[in-house]
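# Coordinate inspection notes
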Amino acid sequence: MFRESFKHLAGINRHRVAEPEDVAMRLQRMERPEAWPTSLLDHIYSTIPIDLLQRYPDPLPFYHKLATFLDVPVNSIVLTSGVDEAIRSILTLCCEPGDKIVVTAPGYAMYDVYAKIFGVHIHPIHFDAEHFMSPDEVIARIPHDVKVVFLANPSQPVENCFDLEQLRLIAAHCANRGILLCVDEAYHFFGAPSSLPMVKETANLLVMRSFSKAFGAASLRLGYIVGQEDVLAPFRGFRLAHEANALSLHAGTAMLDCFESHIKPGIESVCEGREWLREKCNTVGP
């Protein structure tokens with residue numbers, strides 16, 4: 001009944017953990033801790049077209065809005081269901097069972113889950129909490145027979161951050177080895193430079209982003225991959241007929257429209273809270 005390469009999926013038990021009703025901040029899921037102001041929510045809800053639910057979603061306006069926001073060509077973007085689907089699509093299209101991938105660790109738990117699903121082997125690069133890892137240190141830890149490198153920038157929960165020149169060194173090494181470099185920018189906007197300026201010059205680079213973190217909209221399940229148009233062609237062929245539902249597209253568009261007035265101040269507030277907590281942790285004794 002099932003393909004031989006997928007029979008093992010029956011043994012992968014992915015538990016859904018119910019949240020207690022009295023939980024106010026689910027920080028273990030890295031969600032936005034505070035509700036968005038009612039002015040943003042009113043803008044989203046009050047502008048929903050009356051026929052939105054009965055029509056199939058049209059993602060093209062959102063593609064154009066997002067392309068303008070990112071300052072990239074429209075065909076350099078493929079929408080995904082968060083970074084999750086981006087990871088799954090990359091492993092589906094770029095890896096065979098038994099291939100090896102690199103991930104930065106500790107990090108997003110779904111890398112391990114998808115590695116089990118697709119039968120690929122993970123080679124982790126462990127970040128050290130005592131210092132930022134240099135590009136040379138990362139390069140030295142990439143095996144020669146790797147298919148894909150997933151590099152979180154910035155990373156969490158152990159912070160590491162690379163600037164553009166450092167990312168170029170890692171990308172050049174990967175290009176020389178025929179390795180696809182996927183920069184996971186789920187936490188972009190919280191302080192790390194973006195690798196987007198490298199896309200037009202680096203064919204082996206894909207950038208993955210999400211609306212879940214900086215935009216504080218985890219429930220939208222809205223993410224995207226950015227890369228060169230010809231590199232993304234297989235992903236456009238592989239995509240669903242409708243990459244996202246109409247409500248998510250509508251809310252995502254409204255958030256892009258309100259980035260300067262609502263989203264950016266929200267990001268700044270989170271960063272201020274981070275610095276406050278860092279200062280307290282550094283000044284309070286054991």
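Residues numbered from 1 in each chain as written. Predicted model: local features only at pLDDT ≥ 70, side-chain atom pairs only at ≥ 80, totals over all residues. Heavy atoms only, no water.

## Topic: the pattern of salt bridges
Which entries qualify depends on this criterion: The rule for a salt bridge is simple: a side-chain nitrogen of Lys or Arg has to be within 4 Å of a carboxyl oxygen of Asp or Glu. Helix and strand assignments follow DSSP, with helices taken as H or I runs no shorter than four residues and strands as E runs no shorter than two, numbered in order from the N terminus. Throughout, exposure labels follow a simple rule: accessible area from a 1.4 Å probe, protein chains only, divided by the maximum for the residue type, with under 20% read as buried, over 50% as exposed, and the rest as partly exposed.
The final tally for this structure, using the stated rule, is twelve salt bridges. Measuring nitrogen to oxygen at the nearest pair gives 3.9 Å for the salt bridge that ties Lys 264 to Glu 260. Highlighted residues: Lys 264 and Glu 260, both in helix α9 (residues 259-283), separated by four residues, approximately one helical turn. Overall, the relative accessible area of 35% leaves Lys 264 in the partly exposed class.

## Side note on the layout of surface pockets
Put simply, the test is: Buriedness for pockets is judged along seven lines, at least five of which must meet protein on both sides within 12 Å for an open set on the 1 Å grid over protein atoms alone, while cavities are sets there where a 1.4 Å probe fits but cannot get out, and lining residues have an atom within 4 Å of a point. Grid points are joined across faces, edges and corners, and a volume is the space filled by probe spheres set on the points. Three classes are used, and their members are as follows: Ala, Val, Leu, Ile, Met, Phe, Trp, Tyr, Cys and Pro are nonpolar, Asp, Glu, Lys and Arg are charged, and the others, Gly among them, are polar.
Its boundaries defined by the atoms lining it, the second largest pocket holds a volume of some 1,100 Å³. Along the wall of the second largest pocket there are 30 residues; nearest its centre are Met 30, Tyr 187, Phe 190, Val 270 and Arg 274. Class assignment for the residues of the lining of the second largest pocket results in 16 nonpolar, seven polar and seven charged.

## Topic: α9
Heads up, the condition is: By definition here, a helix of n residues has an expected span of 1.5 Å times n minus one. The contact criterion used throughout is that any non-hydrogen atoms of two residues lie within 4.5 Å.
The terminal C-alpha atoms of α9 lie 34 Å apart, and with 25 residues this matches the ideal 36 Å at 1.5 Å per residue to within 8%. Those residues of α9 not exposed but buried are Phe 259, His 262, Ile 263, Gly 266, Ile 267 and Cys 271. Close packing links the buried residues of α9 with α1 (38-46), α2 (60-70) and α8 (246-257).

## Description of the pairing of strand β1 (residues 77-80)
Just so we agree on the cut-off: For two strands to be treated as a pair, DSSP must find at least two bridges joining them.
Of the two faces of β1, the one carrying Ile 77 and Leu 79 and the one carrying Val 78 and Thr 80 are both buried. In the sheet, β1 pairs with strand β7 (residues 223-226) via four bridges, with the strands oriented antiparallel. Bridge pairing in β7 links Ile 77 to Val 226.

## With respect to the sheet that holds strand β4 (residues 146-152)
Where strands meet in a sheet, backbone hydrogen bonds hold them as pairs that are either parallel or antiparallel. We count it as follows: A fitted line through C-alpha atoms serves as each axis, taken over the contacting stretch for helices, and the angle formed by two N-to-C directions is quoted from 0 to 180°.
Ordered in space as β1-β7-β6-β5-β4-β2-β3, the seven strands form an open sheet in which the pairing is mixed. The outermost strands of the open sheet, each flanked by one partner alone, are β1 and β3 (121-126). Direction aside, the axes of adjacent strands within the sheet are offset by 20 degrees on average. As judged from the four bridges shared by strand β6 (residues 205-210) and β7, these two strands associate in the antiparallel manner.

## Topic: the packing of α2 against α8
What counts, and what does not: Note on terminology: angles under 35 degrees are roughly parallel, angles over 145 are roughly antiparallel, angles of 65 to 115 are roughly perpendicular, and the others are oblique. Left-handed describes a crossing in which the near helix is turned anticlockwise from the far one by less than a right angle; the clockwise case is right-handed.
Relative orientation of the contacting elements α2 and α8 amounts to 30 degrees, with a least axis distance of 10 Å. The angle between α2 and α8 falls in the class roughly parallel. α8 is crossed by α2, and the crossing has left-handed handedness. The residues of α8 that touch α2, namely those facing Phe 62, Lys 65, Leu 66 and Phe 69, are Leu 249, Gly 252, Thr 253, Leu 256 and Asp 257. For the contact of α2 with α8, the residue count by class is five nonpolar, two polar and two charged.

## Quick look at the state of the cysteines
Keep this limit in mind: Two cysteine sulfurs form what is called a disulfide whenever their separation falls within 2.5 Å.
The full count for this structure, using the stated rule, is zero disulfides. There is no disulfide at Cys 174, and the cysteine sulfur nearest it, in Cys 182, is 9.4 Å away. With no disulfide of its own, Cys 258 has Cys 271 as its nearest cysteine by sulfur position, at a separation of 20 Å.

## Some words on the confidence of the model for the chain
The condition is simple: Confidence scores per residue from the predictor, reported as pLDDT, run from 0 to 100.
This prediction gives the chain a mean pLDDT of 91; 97% of its residues lie at or above 70. Looking across the chain, the model is least confident in α9, with a mean pLDDT of 87, and most confident in β7, with 98.

## Quick word on empty space enclosed by the protein
Evaluated as defined, the whole model comprises one cavity of 30 Å³ or more. Around the largest cavity, the lining residues are Glu 185, Ala 186, His 188, Phe 189, Arg 209, Ser 210, Phe 211, Ala 214, Phe 215 and Tyr 224. Class assignment of the residues belonging to the lining of the largest cavity gives a composition of six nonpolar, two polar and two charged.

## Examining a nonpolar patch on the surface
Cut-off, in case you're wondering: Distance thresholds for patches are 9 Å for like charges and 5 Å for nonpolar side chains (Val, Leu, Ile, Met, Phe, Trp, Tyr), applied to residues having over 30% relative accessible area and no salt bridge. Values of accessible area rely on a 1.4 Å probe in the Shrake-Rupley scheme; residue burial ignores everything except the protein chains shown.
A contiguous nonpolar surface patch, about 440 Å² in accessible area, is contributed by Tyr 45, Ile 48, Leu 53 and Leu 247. Note on Leu 53: relative accessible area 72%, which makes it exposed.

## A few points about the packing of helix α3 (residues 82-94) against helix α4 (residues 110-118)
The interhelical angle for the contact between α3 and α4, taken along N-to-C directions, is 30 degrees, at an axis separation of 10 Å. Every pair of crossing elements has a handedness; the one defined by α3 and α4 is right-handed. For the pair α3 and α4, the contacting residues are Asp 84, Ile 87, Arg 88, Leu 91 and Thr 92 in the first and Met 110, Tyr 111, Tyr 114, Ala 115 and Phe 118 in the second. Split by residue class, the contact of α3 with α4 holds seven nonpolar, one polar and two charged.

## Describing the environment of Leu 52
Tracing the backbone shows Leu 52 in the loop between α1 and α2. The class for Leu 52 is buried, based on a relative accessible area of 15%. As for Leu 52 and Leu 247, which are separated by 195 residues in sequence, their C-alpha atoms are 7.7 Å apart. Once residues lying within four places of it in the same chain are set aside, the contact partners of Leu 52 are Ala 246, Leu 247 and His 250.

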